[in-house]
Amino acid sequence: MSSVTDELMQRPFAVCREEKRHKLLTALHELDEHHSAHCEPYARLRNTGAIGAPGKAASLEELAFLPTRLFKQLELRSVPDAAVFKVLQSSGTSAQTPSRIALDRWTATAQSRALVAIMKSFLGNERLPMLIVDAPDTIKARNQLGARSAGIVGFSTLGRDHTYALDASLALDWAAVRAFAERHQGQPVLIFGFTFVLWQYFYCVARAAGQSLDLRHATIVHGGGWKKLEAQRVSRAELKARLGEQFGIQRVLSYYGMVEQVGSIFVECDQGRLHAPAFADVIVRNSAGFAPQPSGTPGLLQVLSTLPRSYPGHSLLTEDVGTLLGEDDCACGRLGKTFSVEGRLPAVEARGCSDTLTVARTS
Amino acid sequence: MKVLLPRAVDITAPELLARVVAAPRLPPFAPALVEFVSAVSAETLADRSMRAYPELLALAHWFRPAELRRLQLDYASQSSSHHSTARGTVFHVAPSNVDSMFVYPWLIALLLGNKNIVRISRRHGEASEALLATIARVLERPGMSAMLERSLVVTYDHQEDTTRALSEVCDVRAIWGSDETIRSVRAVALPVQATEITFSDRFSLALLAAEVVAGLSERALAQLAHAFCNDCLWFDQLACSSPRAVVWLGSAARVEQAKQHFWPAVSKRAAQFTQLTQPALAVTRLATACHAAAALGGGPVTYDHAAGLARVQIPSLEPQHRVAHQGAGLFFETCCQETRELAAWLRPVDQTLVHFGVDGRALEALVDHGLDRIVPVGDALHFETTWDGVDLMRAFTRECVLRVMLKLDSA
């Protein structure tokens, strides 16, 4: 089924609903069987009824899905240890164990190719000069990557003349940034960074120091979540406006992705919608029964991908809340489902032991 | 450190602390103490806004005048030839984020004549706020001023210095919380003569006799289901005393019958606990069920998404099941033919077992296997003065031996 993935990667935003649903379902059936055969815990999940129903799902909506949280509790692999090429780790909170995702060569390669295929649609075919808003040593441990470093390493393949905007202590290296801008004056460039790092260590620092540059030919691509910015009351609109003010940047694209599902990078188009590429998909579910929600109604985001072969990450229920906006109907011209992400589910407040209650007896 | 009670704007925290420490002990159940607690109970029950907090209504009900009289009588009948007095200052470390738990031991210690320092979590919820406001109002009444120096309710982040300062002046330290909280507070020294009691995270279960359940009329079944839901589903099933495992007693065939009969009735009653179908709990329930199925021998798994429940069959109850459980309406389910089998599964961490339809002798086989409470279904969340095996009435008092007669030979 890797040939289906290959084929879909050739035209990531040119596959219409009917064709996509059919191809994806076939590919995901195969992955379900593959993981059932090679990952014992996954087989148990299926056989006990913990996820999905017995037999072959009749539609994408009926496919079994796994909660992403499970990857924090168990290391699920469908390949022998010797075949593990890279282990990805989620950032996680301080109190939580991170998710660990084992990639074999095929899955890791597929991940890079997926990223290139998707970003070509937003950045064009040329490799652009790339300014990375982070410190060079963020990507040090190359066989154990977190989301931030995986993002940098992954996106780096799209660029050239990689220049880091921050030094080892995350201080803004203005000389390097200025030199980069001068080298590529008047030409399109790519600026990449984690949302919060971009805001806090690039924009805020430059603004406070009164430093600005003409970066009007730059496209900013950023991801990693809005939570920290929300905590500082900075909205998406504000981020774009400020970057425009300070640097003349017109094009700011965010993306949504997660360590638990490689290849699923959902990029924001010029219409402000996040797009599912042909080899991935999104379903929004309610919580009282996990039934699919109609467009426009927020719910839990489930993500599907034909890429995860080394671990059972092809159908995952995330803890993010989002809303389906449409399918094959975006004004930007790209086909596929579009959606928005509202944010993380609030954590369940851990309530303590021995709570007590006497209930006045009714009879 | 922030002082939540008493609400005294112009007195510093160290001064308030000094006042509490210097305040005299009072005789257990001194009239002023009983009057104060009765007033708190009455004020809570009379306040319409308290209807939003059923756990506080239950608490007020527990401390109503008739119940206080009974407590006093029980207490008097237990201290016969000895003289019981309050221990002095009790330092209570309340469990985090639980809204009513800390009030029971606090008021019991107070009734017994002690002074109290209560540390509650920064994350304390609305119910705590509401109750503290009610108590503050009672303290403002004429005649209640003597009560002001008998309690100090504070909140502070996990600062060892503050814990040390408060521990240094106490005669009893009572810690309610996670294993981690207990370990870290315990590490702070106590005065040589002070005592300490701890209440850690516990696990609870239900034992149901299959034959009896299978034979229940619809009306009786509804009552059982109602009581069971009350035991289990408050506080997102996170109360230590709420059953998280259901053990059926009986033959395989009977157990199957009983399950078919029981769970639909529970499902109906569970509908009132709408919290369970909220996304965060639904995901927790799903994730725990998956964890159990994937790695802990659980299965088959049955979901009742509409009611917010899930059941995971397990061959036997193991420590790993207890650790994996996160509340949220999930039940591990298993069966046994005799209570002896269940006894073998029990561990010291198990606190409450609620039972239905099981005869007394079978229940006796479970005593002395770690459980602190073996009570009927419906009673799981009833607070009792003996908690986690500790008699709070004794823990908060000390006994003085007084013997008057000296036998001398007649001259």
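Everything below is about the structure shown above.
Below is a summary of the structure that appears in this document. Since we're looking at a predicted model, the values are computed, not measured.

**Digging into the side chain of Ser310(A)**
Residues and elements named next belong to chain A. Mapped onto the elements, Ser310 comes out in the loop between β13 (299-305) and β14 (315-327). Within the structure, the side chain of Ser310 is placed 2.6 Å from the backbone oxygen of Ala102, a separation counted as a polar contact. Apart from residues lying up to four places away in sequence, Ser310 is in contact with His35, Arg77, Ser78, Val79, Ala102, Leu103, Asp104 and Thr107.

**Some points on the sheet that holds strand β13 (residues 350-356) of chain B**
All names here are of chain B. One open sheet holds the seven strands; their spatial order is β10-β11-β12-β9-β8-β13-β14, and the pairing between them is mixed. Edge positions in the sheet fall to β10 (301-304) and β14 (373-376), since each of these pairs with one other strand and no more. For this sheet the average axis-to-axis angle between neighbouring strands, irrespective of direction, equals 25 degrees. Bridge analysis of strand β8 (residues 203-209) against β13 gives five bridges, and the strand direction is parallel. By the bridge assignment, Ala206 is partnered in β13 with Val354. Against the sheet, helix α12 (residues 279-295) touches β10, β11 (309-313) and β12 (330-336), its axis set at about 170 degrees to β10.

**Considerations on the packing of helix α1 (residues 2-10) of chain A against helix α5 (residues 105-123) of chain A**
Two packed helices can be described by the angle between their axes and the distance between those axes. All names here are of chain A. At a minimum axis separation of 10 Å, α1 and α5 run at an interaxial angle of 20 degrees. By the angle class used here, α1 and α5 are roughly parallel. Here the hand of the crossing between α1 and α5 comes out left-handed. Contact with α1, carried on its side by Ser2, Asp6 and Met9, involves Trp106, Ala110, Arg113, Ala114 and Ala117 of α5 and no other residues of that element. Class assignment for the residues of the contact of α1 with α5 results in five nonpolar, one polar and two charged.

**What to know about α1(A)**
Residue and element names in this part refer to chain A. Listed in full, the buried residues belonging to α1 are Val4, Thr5, Leu8 and Met9. Looking straight down α1, one finds that the buried residues subtend no more than 135 degrees of arc, so they occupy a single side. Of the exposed residues in α1, the ones pointing more than 90 degrees away from its buried face are Ser3 and Gln10.

**A closer look at a nonpolar patch on the surface**
A contiguous nonpolar patch, built from Leu402(B), Val404(B) and Met405(B) and spanning about 380 Å² of accessible area, is present on the exposed surface. You can see Leu402(B) is positioned in the segment after β17 (397-401).

Conventions and cut-offs
- Residues numbered from 1 in each chain as written.
- Chains lettered and ligands numbered in written order.
- Predicted model: local features only at pLDDT ≥ 70, side-chain atom pairs only at ≥ 80, totals over all residues.
- Heavy atoms only, no water.
- Helix = DSSP H or I, 4+ residues; strand = E, 2+ residues; numbered from the N terminus.
- Polar contact = N/O pair within 3.5 Å; in protein donor to acceptor, adjacent residues only side chain to side chain.
- Contact = heavy atoms within 4.5 Å.
- Pairing = 2+ DSSP bridges.
- Axes fitted to C-alpha atoms, helices over the stretch in contact; angles between N-to-C directions.
- Parallel < 35°, antiparallel > 145°, perpendicular 65-115°, else oblique.
- Left-handed = near helix turned anticlockwise from the far one by under 90°.
- Nonpolar A, V, L, I, M, F, W, Y, C, P; charged D, E, K, R; others polar.
- Buried < 20%, exposed > 50% of the residue type's maximum accessible area, 1.4 Å probe, protein only.
- Arc of directions from axis to C-beta.
- Patch = residues over 30% accessible without salt bridge, like charges linked within 9 Å, V, L, I, M, F, W, Y side chains within 5 Å.
- Areas by Shrake-Rupley, 256 points an atom, 1.4 Å probe, with all protein chains shown as cover.
- Salt bridge = Lys/Arg side-chain N within 4 Å of Asp/Glu carboxyl O.

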